[in-house]
Amino acid sequence: MPEMPTKLAEIVEEFADAPRDVVLEMLLEYADVIPPLPAGMDRDDLEQVPECQTAFFLRARVEPDRTVSTVFDCPPEAPTTRAFAGILAEGLAGASAEQVLAVPDDLYQRMGLAQAISPLRVRGGTAILTRLKRQVREQAG
């Protein structure tokens, strides 16, 4: 059974072990991780995640070598949601389709974020992961 990517597992552990009062601060550090959309790509090329309170778009592509590349688009005025995407962008970099599909659906609860941010934001983050995994599943066959 494949496991989630090591890098993502390390991030999850780092958050789970952190004192509650610094979790939000740690989370927001990931808001700047998302690169801008690649040249020639716009939101029409991505899938919207309507569960997010803000306009959030994503796309996962399974490359010929079975690694997954991700693209996220989220406005700077939604730092928590951008941070979820930043964690996934960094944690899933270079991951295989199987590893992405092995990421637990309750990832954000495991990180201890349920105590630090609103349930609505956790639900949005979970929806991002769910859609990402669905896109990978559809392409991975």
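Here goes a summary of the coordinates provided. In every chain, residue numbers begin from 1 and rise along the written sequence. Thresholds applied to this predicted model are a pLDDT of at least 70 for local features of residues and 80 or more for the giving and counting of side-chain atom pairs; totals over whole chains, interfaces and linings are not thresholded and use all residues. Think of the side-chain values as coming from all heavy atoms in the structure, minus any hydrogens and water.

### A few points about the pattern of salt bridges
Basically, it comes down to this: Only one rule defines a salt bridge in this text: a Lys or Arg side-chain nitrogen within 4 Å of an Asp or Glu carboxyl oxygen. Working definition: helices are DSSP H or I runs of at least four residues, strands are E runs of at least two. Numbering for both runs from the N terminus. Throughout, exposure labels follow a simple rule: accessible area from a 1.4 Å probe, protein chains only, divided by the maximum for the residue type, with under 20% read as buried, over 50% as exposed, and the rest as partly exposed.
As enumerated under the stated definition, the model contains nine salt bridges in all. Lys7 is the partner of Glu90 in a salt bridge, and the nearest nitrogen-oxygen pair spans 3.6 Å. With Glu90 in helix 3 (residues 79-91) and Lys7 in helix 1 (residues 6-17), this residue pair connects regions lying 83 residues apart in the sequence. Taking relative accessible area as the criterion, Glu90 reaches 28% and is therefore assigned partly exposed. Owing to a relative accessible area of 37%, Lys7 belongs among the partly exposed residues under this scheme. Linking Glu47 and Arg131 is a salt bridge whose minimum nitrogen-to-oxygen distance equals 2.6 Å.

### What to know about helix 3
Residues spaced three or four apart along an α-helix point in a common direction, a consequence of the helix completing one turn every 3.6 residues. Under the convention used in this document: Helices are assigned an expected span. That span is 1.5 Å times one less than the residue count. Every residue pair with non-hydrogen atoms within 4.5 Å of one another is taken to be in contact.
When the terminal C-alpha atoms of helix 3 are compared, their 18 Å separation across 13 residues agrees well with the 18 Å that a helix rising 1.5 Å per residue should span. For helix 3, the buried fraction is high: 11 of the 13 residues fall into the buried class. The inward-facing, buried residues of helix 3 abut helix 1, helix 2 (20-28), strand 3 (68-73), helix 5 (107-110) and helix 6 (119-140).

### A look at the environment of Arg61
Inspection of the secondary structure assignment puts Arg61 in strand 2 (residues 57-62). The spatial distance from the C-alpha of Arg61 to the C-alpha of Val136 is 6.8 Å, given a sequence separation of 75 residues. In this structure, Arg61 is in contact with Thr67, Val68, Ser69 and Gln139, ignoring residues within four places of it in sequence.

### Focus: a negative patch on the surface
Threshold: Exposure above 30% relative accessible area and the absence of a salt bridge qualify a residue for a patch, where like charges join within 9 Å and nonpolar side chains (Val, Leu, Ile, Met, Phe, Trp, Tyr) within 5 Å. For the area figures, the Shrake-Rupley method with a 1.4 Å probe applies, and any residue is considered shielded solely by the protein chains shown. The convention is simple: Lys and Arg are positive, Asp and Glu are negative, and His and the chain ends are not counted. Working definition for charges: the position is that of NZ of Lys, CZ of Arg, CG of Asp or CD of Glu.
A surface patch of negative charge is lined by Glu10, Glu13, Glu14, Asp17, Asp21, Glu25 and Glu29. Of all the secondary structure elements, the ones that give two or more residues to the negative patch are helix 1 and helix 2. Element by element, the count of residues in the negative patch is highest for helix 1, at four residues. Looking at the secondary structure, you find Asp17 in helix 1. Under the relative-accessibility criterion, Asp17 is labelled exposed at 61%.

### Some remarks on empty space enclosed by the protein
Let me state the cut-off plainly: The definitions used throughout rest on a 1 Å grid laid over the protein atoms alone, on which a cavity is an enclosed set of points accommodating a 1.4 Å probe that cannot get out and a pocket is an open set flanked by protein within 12 Å on both sides along at least five of seven lines; lining residues are those having an atom within 4 Å of a point. Grid points are joined across faces, edges and corners, and a volume is the space filled by probe spheres set on the points. The nonpolar class holds Ala, Val, Leu, Ile, Met, Phe, Trp, Tyr, Cys and Pro. Asp, Glu, Lys and Arg form the charged class, and all remaining residues, Gly among them, are polar.
A complete count under the given rule lists one cavity of 30 Å³ or more for this structure. If you add up the space inside the largest cavity, you get close to 50 Å³. Along its surface, the largest cavity is lined by Cys52, Gln53, Thr54, Thr81, Phe84, Leu120, Arg121, Gly124 and Gly125. Counting residues per element, the ones that place at least two in the lining of the largest cavity are helix 3 and helix 6. Tallied by class, residues from the lining of the largest cavity come to three nonpolar, five polar and one charged.

### A few points about the side chain of Thr54
Mapping Thr54 onto the fold places it in the loop between strand 1 (47-48) and strand 2. In this structure Thr54 touches Cys74, Pro75, Ala78 and Thr81, once residues within four positions along its chain are discounted.

### Structural notes on the nonpolar core
To keep things clear, this is the line we draw: Note on terminology: a nonpolar core comprises buried Ala, Val, Leu, Ile, Met, Phe, Trp, Tyr and Cys residues joined through side-chain atoms within 4.5 Å.
Judged by nonpolar contacts, the single largest core of 45 residues is most densely connected at Phe15, Phe72 and Leu107. Mapped by element, the contributors of at least two residues to this core are helix 1, helix 2, strand 2, strand 3, helix 3, helix 4 (97-101), helix 5 and helix 6. Top element by residues in this core is helix 6. It accounts for seven residues. Filtering out sequence-adjacent residues up to four positions away, Phe72 remains in contact with Ile34, Pro35, Leu37, Phe56, Phe57, Leu58, Ala85, Leu88, Ala89, Ile128 and Leu132.

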